[in-house]
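Working through the structure, step by step
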Amino acid sequence: MADQQDDLRALLNYSGEPTWERAVAKAREEVDRLDHVTLNIAVTGVTGAGKSSFVNAIRGLQEPEEGSAPTGVKVTTKKLEEYPHPTMPNVKIWDLPGVGGEQFKAKTYMKDVKFQTYDFFIIVSASRFTENDIMLANEIKKTEKNFYFVRSKTDNDVANEGRKRVSEEATLENIRNSCEDNLSTFGSPPVFLITSHNLERFDFQELVNTLEGDLPDHKRDALVMSLPVYSKECLDKKYSEFKKAAWAVAITSGGIAAVPVPGLSLACDVAMVVSFLTRCYFSFGLNDKSLEKMSERVNKPILAMVRESSLVMAIAEESSLTTKIARRLAVAGVIESLCILVPVAGNIAAAGVSFVSTQSVLLEGLKELYSVAKRVIEMAELP
Ligand SMILES: Nc1nc2c(ncn2[C@@H]2O[C@H](COP(=O)(O)OP(=O)(O)OP(=O)(O)O)[C@@H](O)[C@H]2O)c(=O)[nH]1
Ligand SMILES: [Mg+2]
């Protein structure tokens, strides 16, 4: 009885709601949002600006990987292409041709690309922003959507100037000044200097911080969860988003919201726990594909190290069948390893302790995945 009281108190506390019913309703809403929130990012700019490379970079893909946008030195993006995120299909990045081509005239551009679809626009340039870019920014402004100027290929400039013994700081300063001049008729908005080959360099984090500040809460969560892991700061943000969501998943999982049923021994509970941790696993970049890429990039055997975690291994076995199937296949093996990880999970028998216990399983599982992901970042020597 005392346990049930504690449980209820904890549940109300996490939800911030005064009653059980309202807490459960809010939890369902949060979980639903986690599953269904959409985010549509439009990337535009002149031919060769680096749009497709940027689209790939923010989806954590590299050409010629399956699902990546084709890039190259000849004109490759002629029509608008939709690229769903590889593990979060509701997050879509749209590779749009720049204004000024045969099919995309400035006057009708916004209508032609169905501007209502997008949450915001990224205008990419590899050098100066053109008249067309500025015209486009003006058109976007009229629709009250947000847009951001991104200067790509900064790595090339730093390397080229470096050969002339110009420091990185001086080069970045020069590019920034020249972009500001270039956009002076537009009130010199901020320009984010990036390289699609290494998101951890230059202003990419600044861009993400700015987007986060401008997006509504649920869209911001989708952005944070979907970005590839390129730095410890980025991983920490993801960890804190997932931690924030754990209470809602714990309430919604299985019987707690309905009739009293045994906690983790029930398939639906298990399915939700597996599904939540599988989502974290992908978001933290712990899946084989991401790790292989990382290992190759830094030339270190990261994959082998990560496989020392029994939880990661258990999820890896399930998730090879995709998250959706893992959700249905609440295989006991995964939960066994969770139980080893979290002793309390083994004791879940009564519905009365279900919330606190399920939540602690989620949080402990999450912590384990986070600590493995953090070791990956350290090993890869990312900032
Ligand atoms: N060094 C460097 N090269 C880049 C970067 N972004 C793109 N590139 C290269 O620039 C070329 C053009 O890049 P794309 O991403 O295909 O450019 P795009 O804007 O999609 O081009 P179109 O589809 O033809 O309009 C490719 O060879 C890329 O590898 C970058 O940040 N740094
Ligand atoms: Mg392209």
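Residues numbered from 1 in each chain as written. Chains lettered and ligands numbered in written order. Predicted model: local features only at pLDDT ≥ 70, side-chain atom pairs only at ≥ 80, totals over all residues. Heavy atoms only, no water.

The protein chain has the name Interferon-inducible GTPase 5-like in an unreviewed UniProt entry, where Clupea harengus is given as its organism.

**As for the pattern of salt bridges**
Across all of its chains, the model carries 21 salt bridges by this definition. As a salt-bridge pair, Arg-33 and Glu-30 come within 3.3 Å of each other at their nearest N and O atoms. A residue pair is termed a helical-turn pair when its members lie 3 or 4 positions apart in one helix, as Arg-33 and Glu-30 do in helix 2 (residues 20-36) at 3 residues. By relative accessible area, Glu-30 is classed as partly exposed at 27%. Two residues, Glu-168 and Arg-201, come together in a salt bridge whose shortest N-O distance is 3.7 Å. Of this pair, Glu-168 sits in helix 7 (residues 168-182) while Arg-201 sits in the loop between strand 6 (191-193) and helix 8 (204-214), and the two are 33 residues apart along the sequence. (Salt bridge = Lys/Arg side-chain N within 4 Å of Asp/Glu carboxyl O. Helix = DSSP H or I, 4+ residues; strand = E, 2+ residues; numbered from the N terminus. Buried < 20%, exposed > 50% of the residue type's maximum accessible area, 1.4 Å probe, protein only.)

**So, the nonpolar core**
Ile-122, Phe-204, Phe-284, Leu-286 and Leu-369 are the most contacted members of the largest nonpolar core, which has 81 residues in total. The dominant element in this core, judged by the number of residues it contributes, is helix 10 (residues 232-252), at 11 residues. Split by domain, this core shows at least three residues from each of two domains, domain 1 (2-35 + 231-379) and domain 2 (38-226). Those residues in contact with Phe-204 that sit more than four places away from it in its chain are Phe-54, Ile-58, Leu-193, Ile-194, Leu-199, Leu-227 and Tyr-230. With 27 residues, the next largest nonpolar core counts Leu-183, Phe-186, Val-191 and Phe-202 among its residues. (Core = buried A, V, L, I, M, F, W, Y, C linked by side-chain atoms within 4.5 Å. Domains from an automatic or database assignment. Contact = heavy atoms within 4.5 Å.)

**A word on the packing of aromatic side chains**
All chains considered together, the criterion is met by 13 aromatic pairs. Look at Phe-120 and Tyr-148: their rings are 5.7 Å apart centre to centre, the planes differ by 90°, and that puts the pair in the edge-to-face class. Of this pair, Phe-120 sits in strand 4 (residues 120-125) while Tyr-148 is found in strand 5 (residues 146-151), placing the two residues 28 residues apart along the sequence. In this structure Tyr-148 comes out as buried when scored by relative accessible area, which is 7%. Taking the centre distance of 5.9 Å and the plane angle of 85° together, the rings of Phe-147 and Phe-149 count as edge-to-face. Across the pair, exposure class does not vary: Phe-147 and Phe-149 are buried alike. Here the aromatic residues Phe-129, Phe-147, Phe-149 and Phe-186 are joined through ring pairs into a cluster of three or more. Just above the ring of Phe-186 sits the side chain of Lys-141; from NZ or CZ to the centre is 5.0 Å. (Phe/Tyr/Trp six-rings, centres within 6.5 Å; stacked < 30°, edge-to-face > 60°. Lys NZ or Arg CZ within 6 Å of the ring centre and 35° of its normal.)

**Some remarks on the sheet that holds strand 6**
Spatially, the 6 strands line up as an open sheet ordered 2-3-1-4-5-6, and their pairing is mixed. For this open sheet the edge positions go to strand 2 (81-84) and strand 6, each flanked by a neighbour on one side alone. With strand direction ignored, the average angle separating the axes of adjacent strands in the sheet is 25°. Across the face of the sheet, helix 7 comes into contact with strand 5 and strand 6 while running at roughly 150° to strand 6. (Pairing = 2+ DSSP bridges. Axes fitted to C-alpha atoms, helices over the stretch in contact; angles between N-to-C directions.)

**Quick word on the pairing of strand 2**
For strand 2 and strand 3 (residues 91-95), the ladder comprises 4 bridges, and the chain directions are antiparallel. What sits directly across from Pro-84, in strand 3, is Lys-92. The antiparallel hairpin formed by strand 2 and strand 3 contains 6 residues in its connecting segment.

**Some thoughts on the environment of Met-110**
Within the fold, Met-110 resides in helix 4 (residues 109-112). A relative accessible area of 6% places Met-110 in the buried class. Ignoring anything within four residues of it in the chain, the contact list for Met-110 reads Phe-115, Phe-121, Leu-136, Glu-139, Ile-140 and Thr-143.

**Considering the packing of helix 2 against helix 10**
For the pair helix 2 and helix 10, the least separation of the axes is 8 Å and the interaxial angle reads 110°. Comparing their axes, helix 10 and helix 2 come out roughly perpendicular. Between helix 2 and helix 10 the crossing geometry is left-handed. Within the contact between the two elements, helix 2 uses Ala-23, Val-24, Lys-26, Ala-27, Arg-28, Glu-30, Val-31 and Leu-34 and helix 10 uses Ala-245, Trp-247, Ala-248, Val-249, Ile-251 and Thr-252. (Parallel < 35°, antiparallel > 145°, perpendicular 65-115°, else oblique. Left-handed = near helix turned anticlockwise from the far one by under 90°.)

**Overview of helix 10**
Between its first and last C-alpha atoms helix 10 spans 30 Å; for 21 residues at 1.5 Å apiece the expected length is 30 Å, and the two agree. Burial within helix 10 is extensive, with 15 of its 21 residues counted as buried. (Expected span 1.5 Å × (residues − 1).)

**Structural notes on the environment of Phe-355**
Tracing the chain through its elements places Phe-355 in helix 17 (residues 354-379). A residue is classified by how much of its surface remains accessible, and Phe-355, at 0% relative accessible area, is buried. Each C-alpha atom, one on Phe-355 and one on Ala-250, is 5.7 Å from the other, the two residues being 105 residues apart in sequence.

**Points about the environment of Arg-22**
As for its placement among the helices and strands, Arg-22 is situated in helix 2. C-alpha separation for the pair Arg-22 and Leu-12, spaced 10 residues apart in sequence, amounts to 8.9 Å.

**Quick notes on the side chain of Ser-231**
Structurally, Ser-231 is set in the loop between helix 9 (217-226) and helix 10. Note on Ser-231: relative accessible area 7%, which makes it buried. Polar contacts involving the side chain of Ser-231 include one to the main-chain amide nitrogen of Cys-234, which spans 3.2 Å. Leave out the neighbours within four places in its chain, and Ser-231 touches Gln-205, Ile-377 and Pro-383. (Polar contact = N/O pair within 3.5 Å; in protein donor to acceptor, adjacent residues only side chain to side chain.)

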